[in-house]
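Descriptive structure summary
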Amino acid sequence: MTQELSDRPTIIIGAGIIGLACAHYLSAEGHKVLVLDSGTIASGCSAGNCGHIIPSHILPLNSPEALKTGLLSLVNSKSPFRIKPQLKPSFLNWMFQFAINCKTDKMLDTASHLKAILDAAFAEYEQLIAAKVFDCNWHKSGLMYAFKNQKALDGFAKTDDLLNKNFGLKAERYEGNNLKQYDPALKEDLAGGFFYKDDALLEPENLTLSWAQHLKKRGVSFIENCEVLGIELNGRVASRLKTSSGVLDVGQLVIASGALSNSFARDLKCSIPVLPGKGYSITLPKPEVSPRTSLIIPEKNVAITPFKNELRIGSMMEFVGFDRTVPAHRIEQLRTSVDDYLLSDISSLEEKQWYGWRPMTWDSLPMIGRLPGLENTCIATGHGMMGVMLAPATGRLIAEIMTEKERYIPEAPYCPARFG
C-alpha cells in the first residue's frame, strides 16, 4: 500500500456485528478505523438475532430437504421457508446455484467449513469475554432440540448420527418425562429432545452496544445515518466514497453491510451474489416459568432464547426481496408455534416485533476476504443466520488478510473469488 493510502483511514461500511468485529481486530492492528452506517449502530439483523452461539449448528441451509421445502413454499405463504418467484436474472441465477448446491455431498463439505469457522468464533468469544471487552450475558448452558412428535424425534436421531459420524458432535438424548425433568418450563407430553451441552447463548443488544462503546474508547470513529452513495475507483484501488455526509478518502475499505452489500457490486466491478433472507422475531417479557436454556423446535422451525429479563422467539426464511412489511400472520405464527411446547401461556404478553434481511449466499458460506481485482478492498458478508455466531472469527480473519499475517483458519472456503 502506498504512503498516501496508509495515511488515510480504514473505512468499514456497516455498523452491525460484523462491522464491529472487523473494527475491533483492525484497530488492534493499529489501523485508524472509521465505521459508517446508513442507520444506527447494530440496528439491522444484529438487533433481532436469537443470540445462539452454537458450534453444533453446522448443517447449512443447502440440503435436499431445503430444496423440497422451497418448492412447496411456492403454493404456501405460511411456510417458514418461503420463496416468492421473481423474474430478475440475478435472482433466477442465485436460485439455480442454490438448487444445485442442495446435495448431500455438498451439504457435508459446506458443513466442514462452517464447523471450522464456528469453532474459531466460539474460542474468540471466550477470549474476548475473559478480557472483558464487552458485556453480553454469556451463558455456556447448551442447546436443546425439543420434539412433540415421536416420529420427528426419531428422525432427528439420524441427523445426530450424521453429525457424530462426520464431525464428532454427539447430543444427549432425552425421552418423554426426562425432558420435563431437564427443564420444568417444557410441557409433560413432549416426545423428547437432543441436548448439545457445549453450545452457548448471549444477548445481542448488550453485545453490540457495549462492544461499540469499547471501540469508541479505543479510538474507533463512527458516523451513523450516513448513506454511501457511490464508490470511486482509481485503477485497482477504491479511493473515495461519496456519502450523504460528504466525500471521504479511503485508505483501505471493508464492505460489511449485510444483505445491502450487493448494491456496491457495480461500483466495485465484481460479483457479490447476496440475497436478503427475511426473518422475524418477537421479544416478550420473561414469563413466570421460562426455559432455562436455548431451544430449537424443528417441527415449527423456531428458535427460543431466554434472556435475563426477556424471551425471544425467532424464525422464518423468506426470499421476498427487500420487503418492509410485517405480516400479522407471521407474528401470530411465532406466538402460537410454542403453544405445544412451553408450559407458560404467552398469548397475553406484549411483544416487540422485529424483521431483518439476512445476507444469504447460494452456497451457505460467508464471503470473507479481498475482492477480486481490488488491492485495498475486502468484504465480510453472506453470514446468513450466523452473523452473531461468526462475527469474531470473521473480524480476526479480515484483519489478518488486510495486514498480510498468517491466517489462523484457512481463508479459501470463504474467499469472494469463488463467485468470479
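Preceding this paragraph is the structure being described.
Bear in mind that the values here come from a model prediction, so they are computed numbers and not experimental data.

Taken as a whole and assessed by the stated rule, the structure comprises 19 aromatic pairs. Taking the centre distance of 5.4 Å and the plane angle of 55° together, the rings of Tyr 174 and Tyr 182 count as tilted. Each member of the pair Tyr 174 and Tyr 182 is classed as buried. One aromatic cluster is present, formed by Phe 122, Tyr 125, Phe 134, Trp 138 and Trp 211 through successive ring pairs. Lys 216 extends its terminal NZ or CZ atom over the ring of Phe 222, reaching a point 5.7 Å from the ring centre. We note Lys 278 situated over the ring of Tyr 355; from NZ or CZ to the ring centre the distance is 5.1 Å.

This part is about the sheet that holds strand E20 (residues 377-381). Think of a sheet as strands paired side by side through backbone hydrogen bonds, with each pair either parallel or antiparallel. If you walk across this open sheet you meet the six strands as E9-E2-E1-E13-E20-E19, and the pairing is mixed. On the outer flanks of this sheet lie strand E9 (221-223) and strand E19 (367-370), each paired with one strand and no other. Here the average twist between neighbouring strands, direction ignored, is 15°. Lying over the sheet, helix H12 (residues 387-402) contacts strand E1 (10-13), strand E13 (252-255), E19 and E20, oriented at roughly 15° with respect to E19.

Moving on, we get to the pattern of salt bridges. Scanning all chains against the criterion turns up 21 salt bridges. The shortest N-O distance in the salt bridge between Asp 160 and Lys 170 comes to 3.0 Å. Of this pair, Asp 160 sits in helix H7 (residues 150-167) while Lys 170 sits in the loop between H7 and strand E6 (172-175); the two residues are 10 residues apart in sequence, bridging distant segments of the chain. Relative accessible area serves as the criterion here: at 46%, Lys 170 is assigned to the partly exposed category. Close ionic contact of Arg 173 with Glu 175 constitutes a salt bridge, the shortest N to O distance being 2.6 Å. Salt bridges sharing partners connect three or more residues here, namely Glu 124, Arg 396 and Glu 400.

In this section: H12. Largest kink in H12: about 35°, centred on Ala 393. Counted residue by residue, H12 has 15 buried out of 16 residues, so it is predominantly covered. Where H12 terminates, the next one or two residues include Glu 404, which has phi positive at roughly 55°.

Calculation rules
- Residues numbered from 1 in each chain as written.
- Predicted model: local features only at pLDDT ≥ 70, side-chain atom pairs only at ≥ 80, totals over all residues.
- Heavy atoms only, no water.
- Phe/Tyr/Trp six-rings, centres within 6.5 Å; stacked < 30°, edge-to-face > 60°.
- Buried < 20%, exposed > 50% of the residue type's maximum accessible area, 1.4 Å probe, protein only.
- Lys NZ or Arg CZ within 6 Å of the ring centre and 35° of its normal.
- Pairing = 2+ DSSP bridges.
- Helix = DSSP H or I, 4+ residues; strand = E, 2+ residues; numbered from the N terminus.
- Axes fitted to C-alpha atoms, helices over the stretch in contact; angles between N-to-C directions.
- Contact = heavy atoms within 4.5 Å.
- Salt bridge = Lys/Arg side-chain N within 4 Å of Asp/Glu carboxyl O.
- Bend = angle between axes of the 7 residues up to and from the residue.

Interpretation in functional terms is not warranted from these geometric data alone.
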